[in-house]
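# Architecture and fold: a report
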Amino acid sequence: MQRDEPSGGSLYLVGTPIGHLGDLSPRARDLLRSVDVIACEDTRHSGQLLSSLGAGGRKLSFHQHNTRTRVPQLLDLLAEGQSLAVISDAGLPGISDPGEELVAAAHQAGHPVICIPGPCAATTALVSSGLPSGRFCFEGFLPAKGKERRARLEAISHEPRTTVLYEAPHRLITLLEELQHHCGGERPLQVARELTKRHEEQVGPTVDRALLHFQQHQPQGECTIVLGGAPSQNVEEPNDDELLRQLQALQDEGASASDAARQLAQTTGLSRRRLYALLHQGTSN
């Protein structure tokens, strides 16, 4: 059974198009036309969309630079029983924007939070990349510089899951050069730009190939990068003879059978019980 929308005192997160205006859902259209207040990342940018819909609700700016003062104001509106919709410039609010903080505050204050699903650059790029999507992680925009950025890149280089990142066009080549350094040029990668728009483009299939392309063609439009996971490191397990030799070497250094099995279990990840049994089997032969 469908609920009556909008409901007073409820916070609505409304997904808006990331390019193609036809991707705005009928439910999102109806909600934006009838809600009391609409919090926009940029009222001028969103004003064009809202005007085309005939949305008459009060518009308020809500972005990363006014979060501290705006969140309490928006909570007050909810407490007064007004219905509130939050939209970003494009996509699903709460992904790499201050909507996340407002949602947490609304939940804490006991207000209903309802998402009107819509386009999202991260998942759109992921499913169209051809890279594994069964397990993935979202990094958004990396720290701008310094050791925090380097640490994040190093962690990503070892991440076995597919990773999705956002990057501005003027910083894309720098990011690809960093990924080349940390992950290697042959790591699978797709750069999606201008998603759902007329000049939508997917560039890959590796870090090297994408970097070469954008060195020759200036990046334009917001970019979503989908990076393949780190290849698994298949370490060959030592055979029983080698394990027994290591256990006996530990005993020669003064370790008891139990301590030798425990120490080797810690370094190899093998079962202590198995190693202990192996040691006794070796001494009884």
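Everything that follows concerns the structure shown earlier in this document.
Summary of the structure given here. (Residues numbered from 1 in each chain as written. Predicted model: local features only at pLDDT ≥ 70, side-chain atom pairs only at ≥ 80, totals over all residues. Heavy atoms only, no water.)

## Notes on the overall build of the chain
On a plain count of helices and strands, the chain comes out with eleven helices and ten strands. Based on the C-alpha atoms only, the size of the chain along its principal axes is roughly 85 × 50 × 40 Å. Out of the 285 residues belonging to the chain, those deemed buried represent 42%. Across the chain, contacts joining residues at least 24 apart in sequence account for 68% of those joining residues at least 6 apart. Just so you have it, the chain exposes about 15,700 Å², and 47% of that area is on carbon and sulfur atoms. For the chain, the distance from the average site of its 27 positive side-chain charges to the average site of its 34 negative ones is 4 Å. (Helix = DSSP H or I, 4+ residues; strand = E, 2+ residues; numbered from the N terminus. Buried < 20%, exposed > 50% of the residue type's maximum accessible area, 1.4 Å probe, protein only. Contact = heavy atoms within 4.5 Å. Areas by Shrake-Rupley, 256 points an atom, 1.4 Å probe, with all protein chains shown as cover. Lys, Arg positive; Asp, Glu negative; His and termini not counted. Charge placed at Lys NZ, Arg CZ, Asp CG, Glu CD.)

## Observations regarding the sheet that holds strand E3 (residues 58-61)
Spatially, E3-E2-E4-E1-E5 is the arrangement adopted by the five strands of the open sheet, whose pairing is parallel. Across the chains shown, the open sheet's two edge strands, defined by having one partner strand only, are E3 and strand E5 (113-116). Ignoring strand direction, the axes of neighbouring strands in this sheet form an average angle of 25°. As judged from the four bridges shared by strand E2 (residues 37-40) and strand E4 (residues 84-87), these two strands associate in the parallel manner. Paired with Ala39 across the two strands is Val86, which belongs to E4. Its contacts with the sheet put helix H1 (residues 26-34) on strand E1 (11-14), E2, E4 and E5, and the angle it makes with E5 is roughly 130°. Relative to E1, helix H4 (residues 99-108) is tilted by about 155°, and along the sheet it contacts E1, E4 and E5. (Pairing = 2+ DSSP bridges. Axes fitted to C-alpha atoms, helices over the stretch in contact; angles between N-to-C directions.)

## Section: the sheet that holds strand E8 (residues 189-193)
Read across the open sheet, the five strands follow the order E6-E7-E10-E8-E9; overall the sheet is mixed. Each having just a single partner strand, strand E6 (136-140) and strand E9 (201-203) make up the two edges of the open sheet. Sheet twist, expressed as the average angle between the axes of neighbouring strands with direction ignored, equals 20°. Both E8 and strand E10 (residues 223-227) contribute to a ladder of five bridges, which runs antiparallel. Of the residues in E10, the one forming a bridge with Gln190 is Val226. The strands touched by helix H6 (residues 146-158) within the sheet are E6, strand E7 (162-167) and E10, with E7 carrying the most contacts at an inclination of about 150°. Along the sheet, helix H7 (residues 172-183) contacts E7, E8 and E10; its crossing angle with E10, the most-contacted strand, is approximately 10°.

## Concerning H1
Of the residues making up H1, those classed as buried are Ala28, Leu31 and Leu32. The buried residues of H1 occupy one face: seen down the axis, they fall within an arc of 95°. Tucked inside the fold, the buried residues of H1 contact E1, E2, helix H2 (43-53), E4 and E5. (Arc of directions from axis to C-beta.)

## A look at the environment of Asp89
You can see Asp89 is positioned in the loop between E4 and H4. With a relative accessible area of 28%, Asp89 lands in the partly exposed category. Taking C-alpha positions, Asp89 is 15 Å from Ser52, a pair spaced 37 residues apart along the chain. Beyond its immediate sequence surroundings of up to four residues, Asp89 is in contact with Thr16, Pro17, Glu41, Asp42, His45 and Ser46. Side-chain polar atoms of Asp89 contact the backbone nitrogen of Asp42, separated by 3.4 Å. (Polar contact = N/O pair within 3.5 Å; in protein donor to acceptor, adjacent residues only side chain to side chain.)

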